[in-house]
Every structure is written in structure tokens, then in C-alpha cells.
Amino acid sequence: DVQLTQSPSSLSASVGDSVTITCRASQSINNFLNWYQQKPGKAPKILIYGASSLHDGVPSRFSGSGYGTEFTLTITSLQPEDFASYYCQHTYTTFYTFGQGTKLEIK
Amino acid sequence: QVQLQQSGPGLVKPSQTLSLTCVISGDNVSSSSSAWNWVRQSPSRGLEWLGRTYHRSKWYTDYADFVKGRLSVNPDTSKNQFSLQLISVTAEDTALYFCARKITLSGKGVFDAWGQGTLVTVSS
């Protein structure tokens, strides 16, 4: 099974800052990598699919990159509504594992 | 747009069966371009994909190895919904359970619609 390791597990930043979250896969998953945002008590929301494609309606301050085993999610000019948890997920094989998450908190 | 509405009990006794239902609006459980999934989340195990059902001229199901043998995911075409049944539950199955739709965008699988979540506690 493909394991996904996210770093950091938590991150503090201020409104207006830029942040980058990394997701590493235990084997190559080409670009079958998604990023989700989750707020407390809510379902995850898709942000990025295929490693770098922005889903409909997602602000352009979110971007993704990577291929193979290393991927990044970058958020520029942080807005108050961006403080949440972020998860990567692969869909390379049927067993769709998720990363353990990164909690983005306000500094 | 597609909406998923979950229902089911929030408390299940150990060794009993956990049953949840996800009603679909805005799509069809028999759609040849969608797959219907269950995902759970707990503080100790994070987000875990559990299983799915989908229709491609016939019905298919897939399950995560760690629940295989205990989990059934079934479609109900008459009610446009799908269900989860997890047998022989233990405290380890305590989690927030979500149903989710997977579609394909540019050849990549995307979980683009989710239910509201059901917190299930396994306790006597």
C-alpha cells in the first residue's frame, strides 16, 4: 500500500503570509495526488487534483506541484478562512490513503 | 449540484453491526461515471478510506484490507442511495464516518462531494 507522509504536522502563520506543505509518497504515484481542506466538524473539501489542477471555485492563492513521490501545496497571501487542516490523498491505486494532515493555525 | 445526506445511529454496542445510509441527490447511484465511497476519521488513525461501490455495466465493490470481511457497501437503486454495514464492531471503530462521491477529472480520481458526517461511538 502507498503511504503518504505530510510535513509539518502543524504550522503557525499570519494573515498575508505564504506557507508550503509537503506530502511524500512511499512509492511513485505519478501525479495521482489530491489536496483537501477540512474545517472542524466538516467534511474535507477538494482544493487540488492531479497534483496541480485547481478545482472549480478554489481561489488562485492555492497551488500544487510535484510528481512521483514528492508534492507540495502552497498557499499565498493567507486569508482568515484558510486556517484549517490540510490533507493529501492519492488515487493511484484503489486503496486511497490520506496523509496524516497539517493543521494551519493563526500566529 | 450533487448532495449526499447521511443517516444512521450515533451509538453502537460492541460486537454489533454499524449501519449507515447515504442518500444521493443530483446524481444517480448507477451512474457510470461516479463511484460511491465510505471514509472515516478518528484522532488516532486519521482519514481512512473504507470501501466503495460503483456500476460499470455491472456492480463492483472494493474494500480496504483492514476491514475486508467485516464491511459491506451496497447500492439501493430504488432509493438512489448506498449503505455501509460494518459487523463485529469494537471501540477501534469509533470515528466520524463520511460518504463521498468519486469522479474522474482529467483522468484523475477526485472526491468532490461529501456527506455531512456521522459521529459513531462504539460503547456498551
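Our structure is the block above this text.
Each chain has its residues counted from 1, following the order in which its sequence is written. Written order determines the labels here, with chains lettered from A and ligands numbered from 1. With pLDDT at 70 or above as the cut-off, local features in this predicted model cover only qualifying residues; side-chain atom pairs require 80 or more to be listed or tallied, and sums for whole chains, interfaces and linings still use all residues. In computing side-chain values, all of the structure's heavy atoms are included and hydrogens and water are not.

Caption draft 1: Molecular detail of the interface of chain B and chain A. By the convention used here, residues are in contact when the closest approach between their heavy atoms is within 4.5 Å. Taken together, the contact pairs 24 residues of chain B with 21 residues of chain A. The term buried area refers to how much accessible surface (probe radius 1.4 Å) is lost by two components on association, counted for both of them together. In this assembly, chain B packs against chain A so that about 1,800 Å² is buried in total across both faces, 67% of it on carbon and sulfur atoms. By the criterion of area lost to chain A, the three top residues of chain B are Leu47, Trp49 and Lys108 of chain B, representing 32% of everything that side buries. Salt bridge, as applied in this entry: a Lys or Arg side-chain nitrogen positioned within 4 Å of an Asp or Glu carboxyl oxygen. Taken together, the connections running from chain B to chain A amount to 0 salt bridges. In protein, a polar contact means a hydrogen-donor-capable atom and an acceptor-capable atom, both N or O and within 3.5 Å, with residues adjacent in sequence counting only if both atoms are side-chain atoms; elsewhere, any N or O pair within 3.5 Å suffices. Across the contact surface, chain B and chain A share 9 residue pairs in polar contact (both at pLDDT 80 or more). Only DSSP runs of H or I covering at least 4 residues are called helices, and only runs of E covering at least 2 are called strands; the numbering of each starts at the N terminus. Listing elements by their share of the side of chain B that touches chain A, those giving two or more residues are strand S4 (35–42), strand S5 (46–55), strand S9 (95–105) and strand S10 (108–114) of chain B.

Caption draft 2: The side chain of Gln37 of chain A, seen in detail. All names here are of chain A. Turning to its location among the elements, Gln37 is positioned in strand S4 (residues 33–38). Three labels apply to residues, based on accessible area from a 1.4 Å probe with only protein chains included: buried if under 20% of the type maximum, exposed if over 50%, partly exposed otherwise in between. When its relative accessible area of 8% is taken as the criterion, Gln37 is described as buried. Within polar-contact distance, the side chain of Gln37 engages the side chain of Tyr86 at 2.9 Å. Non-local contacts of Gln37, meaning those with residues more than four positions away in its chain, are made with Ala43, Pro44, Lys45, Leu47, Phe62, Glu81, Asp82, Ala84, Ser85 and Tyr86.

Caption draft 3: View of the pattern of salt bridges. Residue and element names in this part refer to chain B. Taken as a whole and assessed by the stated rule, the structure comprises 13 salt bridges over all chains. The closest approach of N and O atoms between Arg45 and Glu48, which form a salt bridge, is 2.8 Å. For Arg45, a relative accessible area of 35% puts it in the partly exposed group. Of the charged contacts, one joins Asp112 and Arg101 as a salt bridge, the two residues approaching to 2.5 Å between their closest N and O atoms. Of this pair, Asp112 sits in strand S10 while Arg101 sits in strand S9, and the two are 11 residues apart along the sequence. One network of salt bridges, with partners in common, ties together Arg40, Arg45, Glu48, Arg70, Glu92 and Asp93.

Caption draft 4: Structural detail: the sheet that holds strand S10 (residues 102–106) of chain A. Residues and elements named next belong to chain A. Here, strands pair whenever DSSP counts at least two bridges between them. One open sheet accounts for 6 strands, arranged S2-S10-S9-S4-S5-S6; its pairing is mixed. Two strands close off the open sheet at either side, each with one partner strand: strand S2 (10–13) and strand S6 (53–54). Examined bridge by bridge, strand S5 (residues 45–49) and S6 share 2 bridges and lie antiparallel to one another. Across the sheet, residue Tyr49 finds its bridge partner in S6, namely Ser53.

Caption draft 5: Representation of the nonpolar core. Definition used in this section: a nonpolar core is a set of buried Ala, Val, Leu, Ile, Met, Phe, Trp, Tyr and Cys residues joined via side-chain atoms within 4.5 Å. Within the largest apolar cluster, 41 residues are counted, with the highest numbers of intra-cluster contacts made by Leu18, Trp38, Phe82, Leu84 and Tyr97 of chain B. With 6 residues, S9 of chain B is the largest single contributor of residues to this core. One finds Val2, Phe62, Ala84 and Cys88 of chain A within the second-largest nonpolar core, a separate group that totals 24 residues.

Caption draft 6: Highlighting the pairing of strand S8 (residues 81–86) of chain B. Residue and element names in this part refer to chain B. Across the 6 residues of S8, 5 count as buried, placing the element largely inside the fold. Examined bridge by bridge, strand S3 (residues 18–25) and S8 share 6 bridges and lie antiparallel to one another. By the bridge assignment, Leu18 is partnered in S8 with Leu86. As defined by bridge partners, strand S7 (residues 71–76) adjoins S8 across 6 bridges and the pair is classed as antiparallel. By the bridge assignment for S8, Val73 is matched with Leu84.

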